[in-house]
Amino acid sequence: MRLQHSFDQPSRRTHYADWLGTNAFRDLAKALRHSLEGAFLYIGLAEAGRNGPMDLIDFHRLKASISRRANSLKFPPLIAEVSQRLTSPLQWVDQMESVNRARNVIEHRAGLVGKADCNSAGLFEITLPRIKLFAKLGDEEIELRPPMHFDQEVQIMMRVEPRVRTLRQGEMLTFTPDEAFHLLHACQLFAADLASKLPRA
């Protein structure tokens, strides 16, 4: 017996692209948490090291204890504590918390927005980072979209801009490859910001 697909070819391509984008988004969100747990461990060891040398057994015990605590924290208190113990606060904390909320829906509910994810109005709202590349012509900003060229010299600039997505309970949360691409570059900027603000060991 042959199984018949109910999707035509363009629909299959769209669904496959969304599957790729959603899985890439989930994996990037996981990496985001791992980077914060690593920073939590680094800061804890650096602070302990200021009290003087320790033997190898005590070091491994301390490392295991700090790692367990980092792993036990939910994302909001984890990022808040890391940010507080850096040389200056992290940027884009709200957007990264939204990324983690989206990951929870994908990871634990297969992308289906549940009642626990929604606010009192029954809406699931997330603010996601988006990388904006733009040319500056005087006071005018022109977002870059290929193919595009200018007949004069322009200044190319970049910034992270928040983008709000709203879904209702029972709707599916998916991400396109383009959205995963923007998260990739936002994570790169976030990681650079995090690394630059780690205290000296």
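Residues numbered from 1 in each chain as written. Predicted model: local features only at pLDDT ≥ 70, side-chain atom pairs only at ≥ 80, totals over all residues. Heavy atoms only, no water.

Q: Can you lay out the overall build of the protein for me, pointing to particular residues and giving the numbers?
A: On a plain count of helices and strands, the protein comes out with five helices and three strands. In the protein, the succession of helices and strands from N to C terminus is α-α-α-α-β-β-β-α. Its C-alpha radius of gyration of 21 Å places the protein more than 25% over the 17 Å reference for a compact globule of 201 residues. Overall, the protein is about 65 × 60 × 40 Å in size when its C-alpha atoms are taken along their principal axes. The buried share of the protein, taken over its 201 residues, is 34%. Restricting to contacts in the protein with at least 6 residues of sequence separation, those with at least 24 account for 72%. Only carbon and sulfur atoms are counted for the fraction: they give 54% of the accessible area of the protein, which is about 12800 Å². Taking the average location of the 27 positive side-chain charges in the protein and that of its 24 negative ones, the two points are 7 Å from each other. (Helix = DSSP H or I, 4+ residues; strand = E, 2+ residues; numbered from the N terminus. Rg over C-alpha atoms; globule rule 2.2 N^0.38 Å. Buried < 20%, exposed > 50% of the residue type's maximum accessible area, 1.4 Å probe, protein only. Contact = heavy atoms within 4.5 Å. Areas by Shrake-Rupley, 256 points an atom, 1.4 Å probe, with all protein chains shown as cover. Lys, Arg positive; Asp, Glu negative; His and termini not counted. Charge placed at Lys NZ, Arg CZ, Asp CG, Glu CD.)

Q: Break down the packing of aromatic side chains for me, with residues and values.
A: For the structure on display, the rule yields two aromatic pairs. On the numbers, 5.9 Å between centres and 15 degrees between planes, the contact of tyrosine 16 with tryptophan 19 is stacked. Of this pair, tyrosine 16 and tryptophan 19 both sit in helix α1 (residues 9–49), separated by three residues, roughly a single helical turn. Between phenylalanine 25 and phenylalanine 175, the ring centres sit 3.7 Å apart and the planes meet at 0 degrees, which makes this aromatic pair stacked. Separated by 150 residues along the polypeptide, phenylalanine 25 in helix α1 and phenylalanine 175 in the loop between β3 (155–168) and α5 (177–196) bring together distant segments of the chain. The two residues phenylalanine 25 and phenylalanine 175 agree in class, both being buried. Between arginine 85 and the ring centre of phenylalanine 40, over which it is positioned, the NZ or CZ distance is 5.2 Å. Taking NZ or CZ as reference, arginine 165 lies 5.0 Å from the ring centre of phenylalanine 175, over its face. (Phe/Tyr/Trp six-rings, centres within 6.5 Å; stacked < 30°, edge-to-face > 60°. Lys NZ or Arg CZ within 6 Å of the ring centre and 35° of its normal.)

Q: Go over the side chain of glutamate 179 with me, naming the residues and quoting the values.
A: Secondary-structure assignment places glutamate 179 in helix α5. Taking relative accessible area as the criterion, glutamate 179 reaches 17% and is therefore assigned buried. Within the structure, glutamate 179 has its side chain in polar contact with the backbone nitrogen of threonine 176 (distance 2.9 Å). Not counting residues within four places of it along the chain, the set of residues in contact with glutamate 179 comprises Arg163, Arg165 and Thr174. (Polar contact = N/O pair within 3.5 Å; in protein donor to acceptor, adjacent residues only side chain to side chain.)

Q: Kindly report on unusual backbone geometry, identifying the contributing residues and their values.
A: In most cases, non-glycine residues show a negative phi, while peptide bonds are predominantly trans. Positive phi outside glycine occurs at tryptophan 92, with the angle close to 60 degrees. Tracing the sequence through the fold places tryptophan 92 in the loop between α3 (75–85) and α4 (93–109). Look at alanine 110: it is not a glycine, yet its phi comes out positive at around 55 degrees. Its place among the elements puts alanine 110 in the loop between α4 and β1 (123–137). Alanine 110 sits in the exposed class, given a relative accessible area of 63%.

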